[in-house]
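# An overview of the molecular structure
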Amino acid sequence: MQTALTLYNTFTREKEIFKPLNAPFVGMYVCGPTVYNNVHLGNCRTFVSFDVLYRFLLHLGYKVRYVRNITDAGHLESDADEGEDKIAKKARLEQLEPMEIVQRYTVDFHHVMHQFNTLPPSIEPTATGHIIEQIEMTQKIMNNGYAYETDDAIYFNVEKLVKEFPYGKLSGRNLEELQTNTRDLDGQDTKKGRLDFALMIKAKPTHIMQWNSPWGKVFPGWHLECSAMSAKYLGDEFDIHGGGMDLAPTHHTNEIAQNFACCKKVPAKFWVHTNMLTVNGQKMSKSLGNSFLPDELFSGNHKLLDKGYSPMSVRFFMLQAHYRSTLDFSNEALQAAEKGFARLMAAYKLIGGLKTSAASTSDVHALKAKVYDAMNDDLNTPVALSHLFEGVRIINSVNDSKETITYDDKTLLHELFSQMIFDVFGLKEETGGDDSRMDALMKIVLQIRADAKARKDFAASDKLRDDLLNAGIQVKDGKEGATWSYV
Ligand SMILES: [Zn+2]
């Protein structure tokens, strides 16, 4: 008998047994990207983590409605209702329609999600597609007495809420701590309390994204869209709400406040958060110059990368860390993941041809139970993978005639590997089996280029490199010769 699925709930700070509100149905909402630039790797890690959760729930037989939004309006540069709308700003700077920005980066986001082999969500609602719902929700919050209108916005009244609800619970902070993290109000502010936040912001005539409302021309605050869209598609109470851990203190805290003000309920039972990325032990950030985009990681086209790593090697690498731990990128770790992924896939391909015997020297049933126990333990993918590698050892030993396996155990092992690798971990073969031919071909091409360089015909060697890049193949020169990867 396997253990039950447990998930760490940020709201209660405990690992709890996952029991859906209306089994076999599961409602899951994950905060999606703000589509004003290329999706960054931290976001990818979050969406890959929730893809594994989604896949595991489906694998366990649940019928999951997975909602992941696209933020295409309302996300200001600062969480404190300050600065410009990120999309409007980009549109102004590039002299484009905001929807051109949205379209460009939504396409990029979907492309990267496809490269990482994530399943599309059941519904992918947009903020601008749900302005009516957001206006209605604001109206309801006002009618219930938790919001007020000023000259520049409709503000949520946090001080009123805290009398009945622990506003800082999700972030693990009390009210005083939250307040010390917020700046003092000054003469410019029209809001009453420093923790109050905008539900709707009154648009100046120059603001390029604005909508009619009972309060004049407005645009919505960022937190409101997720409250309105999760309630619309998953109801007032649903099972799982997820996102990166940076969203917990403000965005998710304010979402809970809004939903509670509407219907006296905390919208989700489980609040699940993924941890951050680091590079060589340092926080990944643009200002430190150590952040790279998924494309740069795949092509190796970045000063910190020795070479490119395929999307599945990167996905495998992500699975090697628990989703609540930081994930540290380094060339050594990525190369180890690349090798580990290749070993796993090579072993999988051997299973079908293994000779069977009257007895097994290893306990495959126990191995399967260990894999499921690890996944049930708050989605512990690194431990589940380590058990699969015990399976790799068994497969290789049987293949080398050092161990034996029965027909039934071989079938069980085949099923376990296939379900875990493809269905749950979402890994896949990368080049449809053509890799060895492609490798052989590229060896010839790279030799031609090396010959051209040797006779100092750099025009020819550069042209070859550029033509390959146009064909989607990136060549990178290194100390030990040139290597190639798909762009
Ligand atoms: Zn959100």
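These lines cover the structure that appears in this document, whether it is placed above or below. (Residues numbered from 1 in each chain as written. Predicted model: local features only at pLDDT ≥ 70, side-chain atom pairs only at ≥ 80, totals over all residues. Heavy atoms only, no water.)

What follows covers the overall build of the chain. Of regular secondary structure, the chain possesses 16 helices and 18 strands. Per-residue burial over the chain gives 51% buried out of 487 residues. A fraction of 73% describes how many contacts in the chain between residues 6 or more apart in sequence connect residues 24 or more apart. For the chain, the exposed surface amounts to about 22300 Å²; the carbon and sulfur share of it is 51%. One finds the centroid of the 55 positive side-chain charges in the chain at a distance of 2 Å from the centroid of its 63 negative side-chain charges. (Helix = DSSP H or I, 4+ residues; strand = E, 2+ residues; numbered from the N terminus. Buried < 20%, exposed > 50% of the residue type's maximum accessible area, 1.4 Å probe, protein only. Contact = heavy atoms within 4.5 Å. Areas by Shrake-Rupley, 256 points an atom, 1.4 Å probe, with all protein chains shown as cover. Lys, Arg positive; Asp, Glu negative; His and termini not counted. Charge placed at Lys NZ, Arg CZ, Asp CG, Glu CD.)

Turning our eyes to something else, we now look at the pairing of strand S3 (residues 25-30). With five of six residues buried, S3 lies mostly within the body of the structure. Direction of pairing for S3 relative to strand S4 (residues 63-68): parallel, over a ladder of six bridges. The residue bridging phenylalanine 25 from the neighbouring strand is lysine 63, located in S4. The β-α-β motif built from S3, the intervening helix H1 (residues 41-59) and the parallel element S4 has right-handed crossover chirality. Sheet analysis places S3 next to strand S12 (residues 238-244), joined by three bridges and oriented parallel. Residue pairing across strands places valine 30 opposite glycine 242, the latter belonging to S12. (Pairing = 2+ DSSP bridges. Right-handed = clockwise from strand over helix to strand, strands pointing away.)

Moving on, we get to the packing of helix H2 (residues 86-94) against helix H3 (residues 98-115). Two elements in contact, H2 and H3, have axes whose closest approach is 8 Å; the angle formed by their N-to-C orientations is 105 degrees. Relative to H3, the element H2 is oriented roughly perpendicular. In contact with Ile87, Lys90, Ala91 and Glu94 of H2, H3 contributes Pro98, Ile101, Val102, Arg104 and Tyr105. Residue composition of the contact of H2 with H3, grouped by class: six nonpolar, no polar and three charged. (Axes fitted to C-alpha atoms, helices over the stretch in contact; angles between N-to-C directions. Parallel < 35°, antiparallel > 145°, perpendicular 65-115°, else oblique. Nonpolar A, V, L, I, M, F, W, Y, C, P; charged D, E, K, R; others polar.)

A separate point is the sheet that holds S12. Sheet strands line up and pair through hydrogen bonds in the backbone, either parallel or antiparallel. Read from one edge of the open sheet, four strands run S4-S3-S12-S13, paired in parallel fashion. Strands at the two margins of the open sheet, each flanked by one partner only, are S4 and strand S13 (268-274). Each neighbouring strand pair of the sheet contributes to a mean axis angle of 20 degrees, computed without reference to strand direction. When S12 meets S13, the two strands line up parallel, connected through six bridges. Within S13, the position partnered with glycine 242 by the bridge is valine 272. Contacts from helix H7 (residues 222-234) reach S3, S4 and S12 within the one sheet, and its direction differs from that of S3 by about 165 degrees.

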